[in-house]
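# Secondary and tertiary structure notes
Okay, here's what each chain looks like letter by letter:
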Amino acid sequence: MKKFILSAAILFAAVSYNDVSAQIRLNVNLNIGSQPDWGPVGYDRVDYYYMPDIQTYYYVPNHQFIYLSGGRWIFSNSLPPQYRTYNLYSGYKVVVNQPNAYKNYQSHRTQYARYKGNHSQGYIKNSHDPKYYRGNNGQGNGNNGNGNGNGNNGRGKGKGRN
């Protein structure tokens, strides 16, 4: 009888161990495939880009530009009208991974003002990093242009990061 109880206890312990280990999960959040071609290289996950040149955000998951107009935040599929010809490839993008980043606009505007006019950042379309290849001959994810159809092709250099 003692052997039976000992065997049952060992079996129960083994089953319990498997249940516990099966509950351990690794949650890795990557959004490489949803970043636009004009996004900066070197990031596996991006929530927002803040663009100091035009004081506009881009929300990567929804592919939307967010900008202030008349005291209200506008969510749009295209750039603000006054920046419709802005070259997204050449302007500096600051990666901001925080919920509702635009709500910290005043802080970001001050903190990242030094990047205004900086054109030294490399972008995904010109990257040779295989993590950005998606079956299209290494040309990034196919989101060309600036969101409003003008397709500017500026030339960024280097690998700027914060």
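Residues numbered from 1 in each chain as written. Predicted model: local features only at pLDDT ≥ 70, side-chain atom pairs only at ≥ 80, totals over all residues. Heavy atoms only, no water.

### Looking at the pairing of strand β1 (residues 48-51)
Sheet faces and side chains relate simply in a regular strand, where the side chains alternate between the two faces. Rules: Burial classes follow relative accessibility: with a 1.4 Å probe on protein chains only, a residue under 20% of its type's maximum area counts as buried, one over 50% as exposed, and anything between as partly exposed. Only runs of H or I of at least four residues qualify as helices and only runs of E of at least two qualify as strands under DSSP, and these elements are numbered from the N terminus. DSSP calls a pair of strands paired once it identifies at least 2 bridges connecting them.
Side-chain alternation along β1 places Tyr-48 and Tyr-50 on one buried face and Tyr-49 and Met-51 on a second face that is also buried. By the bridge criterion, 4 bridges tie β1 to strand β2 (residues 56-59) in an arrangement that is antiparallel. Opposite Met-51, over in β2, you have Thr-56 as the bridge partner. Between β1 and β2, which pair antiparallel and follow one another directly, the connecting turn spans 4 residues, one of which, Gln-55, has a positive phi of 45 degrees. The pairing of β1 with strand β5 (residues 94-96) spans 3 bridges and is classified as antiparallel.

### Some details on the nonpolar core
We apply this condition: Think of a nonpolar core as a cluster: buried Ala, Val, Leu, Ile, Met, Phe, Trp, Tyr and Cys residues, connected wherever their side-chain atoms sit within 4.5 Å.
Ranked by internal contacts, the top residues of the largest apolar core, which has 15 residues, are Trp-38, Tyr-49, Met-51, Tyr-58, Phe-65 and Leu-88. With 12 residues, the next largest nonpolar core counts Tyr-48, Ile-66, Val-94 and Tyr-102 among its residues.

### Quick notes on the environment of Pro-52
By the secondary structure assignment, Pro-52 is in the loop between β1 and β2. Along the primary structure Pro-52 and Gly-117 are separated by 65 residues, whereas in three dimensions their C-alpha atoms are 8.2 Å apart.

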